[in-house]
Amino acid sequence: MSNDILKSFPIERVHRWYHRLADAALSKKINGRHPLSGLLLKTYVTNKDKNKLYIFDAYDYLQRHPKVLTELNYHRQVFLTQSKARLGKGNTSNKWVGLVPRLQDGRWNGSDQIALYYESLVEIGSQSEIWRIQLYGTAEERDLFTSLRGFQLRSDIEVTGFAKGHTISVSFKKWEATALDRYDFNYHEHLTLPNPDYQSSAEDAIHPELQKFRVYHSNAKRLVDHGLAAPFKVKLGPWKVTNPQIIKSGELDPKKRIK
């Protein structure tokens, strides 16, 4: 038997198997909610428009994931000109941005409300983490890995300030975060997934004797090539950022050297 089990089956039958895979995920709930992995996969196998945007709720376990909180704290540092922003395709350049440059070039007077945004990459499931997540990760972590994995995290803020001696004290009046992604597959990769047809007696079942098997994402490409599925844009949120360590007031040095 070929390692790529699905490769030998007609594409329409593979398409129905992917539907059953999504339905199997949706038959379970995490914290009372349908898993994102099932929602996104079901959308993928029914979608026909690769440019369409689908909006989903940002689940609490996405909002409080340690990597999301770490990245939001990095956004805070960027806004306060404490860390350089990663800019350009592939984060190829670093640059001082945020409030201090706006103070120094006159775009902000240090007191009036001003809006800023920044986004950067979050990856839940790097190559070194895949094995651990699949075997020992929580249900929440596995759901984020199999639905989003790598995505852009965007922060939209509004701040005000006031002079405090030789510094400017900054208050965050608004902070909303949004997860942005494109749901598709790396066609050169594979994952070992549960077989929704395990112990099924249905005529359409694929290898019901196997509880799980390796699924090559080249089969997802086959679906797309035959017009049976399509990648799509994903937006989760926005949600209000309330973590006190992230939204607490900050201090600016108006004379900070940023060249």
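Residues numbered from 1 in each chain as written. Predicted model: local features only at pLDDT ≥ 70, side-chain atom pairs only at ≥ 80, totals over all residues. Heavy atoms only, no water.

Caption draft 1: Inspection of the pattern of salt bridges at higher detail. Under the criterion given, the structure shown has 14 salt bridges. Salt-bridge contacts for Asp23 lead to Lys42; the nearest nitrogen and oxygen are separated by 2.9 Å. Of the two residues, Asp23 is situated in helix α1 (residues 11–26) and Lys42 in helix α2 (residues 36–44); the sequence distance between them amounts to 19 residues. Among the salt bridges present, the one from Arg154 reaches Asp156, with a minimum N-O distance of 2.8 Å. Residue classification places Arg154 among the partly exposed positions, given a relative accessible area of 24%. Several salt bridges share partner residues, and in doing so they unite Arg13, Arg16, Arg20, Asp197 and Asp204 into one network. (Salt bridge = Lys/Arg side-chain N within 4 Å of Asp/Glu carboxyl O. Helix = DSSP H or I, 4+ residues; strand = E, 2+ residues; numbered from the N terminus. Buried < 20%, exposed > 50% of the residue type's maximum accessible area, 1.4 Å probe, protein only.)

Caption draft 2: Structural view of the nonpolar core. Formed by 71 residues in total, the largest nonpolar core has its most connected members in Tyr18 and Leu62. Per-element accounting of this core gives the leading share, seven residues, to strand β6 (residues 167–183). Contact partners of Tyr18, with chain neighbours within four places excluded, come to Leu6, Leu41, Val45, Val215, Tyr216, Asn219, Ala220 and Leu223. (Core = buried A, V, L, I, M, F, W, Y, C linked by side-chain atoms within 4.5 Å. Contact = heavy atoms within 4.5 Å.)

Caption draft 3: Looking closely at the layout of surface pockets. In this structure, the largest pocket encloses a volume near 1,600 Å³. At the level of secondary structure, the elements contributing two or more residues to the lining of the largest pocket comprise α1, α2, α6 (130–136), α7 (139–147), β6, β7 (190–194) and β8 (212–216). It is α7 that contributes the most residues to the lining of the largest pocket, six residues altogether. Here the residues of the lining of the largest pocket are counted per class, giving 21 nonpolar, 13 polar and twelve charged. When its volume is computed, the second largest pocket comes out at roughly 290 Å³. Val97, Gly98, Arg102, Tyr117 and Tyr118 are, among the 15 residues lining the second largest pocket, the residues nearest its centre. Of all elements in the fold, only α4 (66–79), β2 (85–87), α5 (99–105) and β4 (114–123) reach the threshold of two or more residues within the lining of the second largest pocket. Considering only residue class, the lining of the second largest pocket consists of nine nonpolar, one polar and five charged. (1 Å grid on protein atoms, 1.4 Å probe; cavity = no way out; pocket = protein on both sides within 12 Å on 5 of 7 lines; lining within 4 Å. Points joined across faces, edges and corners; volume = space filled by probe spheres on them. Nonpolar A, V, L, I, M, F, W, Y, C, P; charged D, E, K, R; others polar.)

Caption draft 4: The packing of aromatic side chains, seen in detail. Enumeration according to the criterion identifies twelve aromatic pairs in this entry. Seen from their ring centres, Tyr44 and Phe185 are 5.1 Å apart, and the 75 degrees between their planes marks the pair as edge-to-face. Of this pair, Tyr44 sits in helix α2 while Phe185 sits in the loop between β6 and β7, and the two are 141 residues apart along the sequence. Accessibility expressed as a relative area gives 0% for Tyr44, which makes it buried. Feature note: the residues Tyr44, Tyr54, Tyr183, Phe185 and Phe232 constitute an aromatic cluster, connected by ring pairs. Here Arg154 stacks its cationic end above the ring of Tyr117, 4.0 Å away from the centre of that ring. Its guanidinium or amino end placed over the ring of Trp96, Lys256 lies 4.8 Å from that ring's centre, counting from NZ or CZ. (Phe/Tyr/Trp six-rings, centres within 6.5 Å; stacked < 30°, edge-to-face > 60°. Lys NZ or Arg CZ within 6 Å of the ring centre and 35° of its normal.)

Treat this as a map of the structure, not an account of what it does.
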